[in-house]
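What the coordinates show
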Amino acid sequence: MTEILTPAQMRATEQAAIDSGAVTGLALMEQAGAATRDSILSYWPGLARDRAHARVLCGPGNNGGDGYVIARLLMDRGWKVQVVAFGAPDHLPPDARRNFDRYEGALLDGATAPRPFEGDLSVDAVFGTGLSRPISDPTICGWLVEHDRFTTRVGASVAVDIPSGLDANSGKVLDGSACARSALTVTFHRAKPGHYLAQGPDYCGALHVAGIGL
């Protein structure tokens, strides 16, 4: 039997582990980034052999913090990595800000208009399972549309935790929201209902559930 947790249950599980002193939020973020890197290299073994070129879309919350970890860990393997950052660094949650500061590479302001990406891998780390309202910002929508087009054109694309714009409870695209399909979705500890319901399977692609030490 596969255990599934709602986003609220997942947040409670994480907070209980942090409150007990068993783990820190920063350590969970590092584990999530490492698990995503490992899933990428396992799912596309050809990329594991090459020094590939990745683009990582990093949102203004902790999902974006996961993205900065992924970018740094791929760079450690010799990859060329460009991060598209949404939101001012000073407004990031503390753990995400720490990982923003740890990332040193090619940084592009999300306010810049998106262009077709000619690299090997696109990563959607914009919004995670806590999103409850539509993504209406036209700039972010434009980047998500480009991520979706990359998925169709190249195929090597990843969503961190859940595709941005997909409701993690219902599996439906939030009303009026942009939502980007990915070929692979890496979620953490347990799957969420939205990965399996309604439009979830179509937007998530292959689903990897990765342990992060909880």
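Relevant structure appears above.
Bear in mind the structure is a predicted one, so any value in this text is a computation, not a measurement.

**A look at the pattern of salt bridges**
Scanning the model with the defined rule gives eleven salt bridges in all. Measuring nitrogen to oxygen at the nearest pair gives 3.7 Å for the salt bridge that ties R55 to E146. Of this pair, R55 sits in strand β1 (residues 53-58) while E146 sits in helix α6 (residues 138-153), and the two are 91 residues apart along the sequence. Each of the two residues, R55 as well as E146, counts as buried.

**What to know about the side chain of K192**
Relative to the assigned elements, K192 resides in the loop between β6 (184-188) and α7 (200-204). Separated by 2.9 Å, the side chains of K192 and T187 make a polar contact.

**What to know about the sheet that holds β1**
The seven strands lie next to each other as β3-β2-β1-β4-β5-β6-β7, forming an open sheet whose pairing is parallel. Each edge of the sheet is formed by a strand with only one pairing partner; in this case those strands are β3 (106-109) and β7 (206-210). Averaged over all neighbouring strand pairs, the angle between strand axes comes to 20 degrees, with direction disregarded. In terms of strand pairing, strand β4 (residues 121-125) meets strand β5 (residues 157-160) through three bridges, oriented parallel. Opposite D124, over in β5, you have A159 as the bridge partner.

**Here's the deal with the side chain of E146**
According to the relative accessible area criterion, E146 is buried, its value standing at 5%. Among all residues touching E146, those that are not within four sequence positions of it are R55, P114, R115, P116, F117 and R153.

**Thoughts on unusual backbone geometry**
Not every positive phi belongs to a glycine, and D161 is a case in point at roughly 80 degrees. You can call D161 buried: its relative accessible area is 13%. Although it is not a glycine, A198 adopts a positive phi angle of roughly 50 degrees. Residue class for A198 comes out exposed when judged on its relative accessible area of 56%.

**Brief notes about the packing of aromatic side chains**
For the structure shown, the criterion picks out four aromatic pairs. Between Y43 and W44 the ring centres are 4.8 Å apart and the planes differ by 90 degrees, which places this aromatic pair in the edge-to-face class. Judged by relative accessible area, Y43 falls into the partly exposed class, the value being 36%. Judged by centre distance (6.3 Å) and plane angle (40 degrees), the ring pair of Y68 and Y103 falls under tilted. Within this pair, whereas Y68 is found in helix α4 (residues 62-76), its partner Y103 is found in the loop between α5 (94-102) and β3, the two being separated by 35 residues in sequence. A connected cluster of aromatic rings, assembled from ring pairs, spans Y68, F100 and Y103. Above the face of the Y203 ring, R181 is positioned so that its terminal group lies 4.2 Å from the ring centre.

Thresholds applied
- Residues numbered from 1 in each chain as written.
- Predicted model: local features only at pLDDT ≥ 70, side-chain atom pairs only at ≥ 80, totals over all residues.
- Heavy atoms only, no water.
- Salt bridge = Lys/Arg side-chain N within 4 Å of Asp/Glu carboxyl O.
- Helix = DSSP H or I, 4+ residues; strand = E, 2+ residues; numbered from the N terminus.
- Buried < 20%, exposed > 50% of the residue type's maximum accessible area, 1.4 Å probe, protein only.
- Polar contact = N/O pair within 3.5 Å; in protein donor to acceptor, adjacent residues only side chain to side chain.
- Pairing = 2+ DSSP bridges.
- Axes fitted to C-alpha atoms, helices over the stretch in contact; angles between N-to-C directions.
- Contact = heavy atoms within 4.5 Å.
- Phe/Tyr/Trp six-rings, centres within 6.5 Å; stacked < 30°, edge-to-face > 60°.
- Lys NZ or Arg CZ within 6 Å of the ring centre and 35° of its normal.

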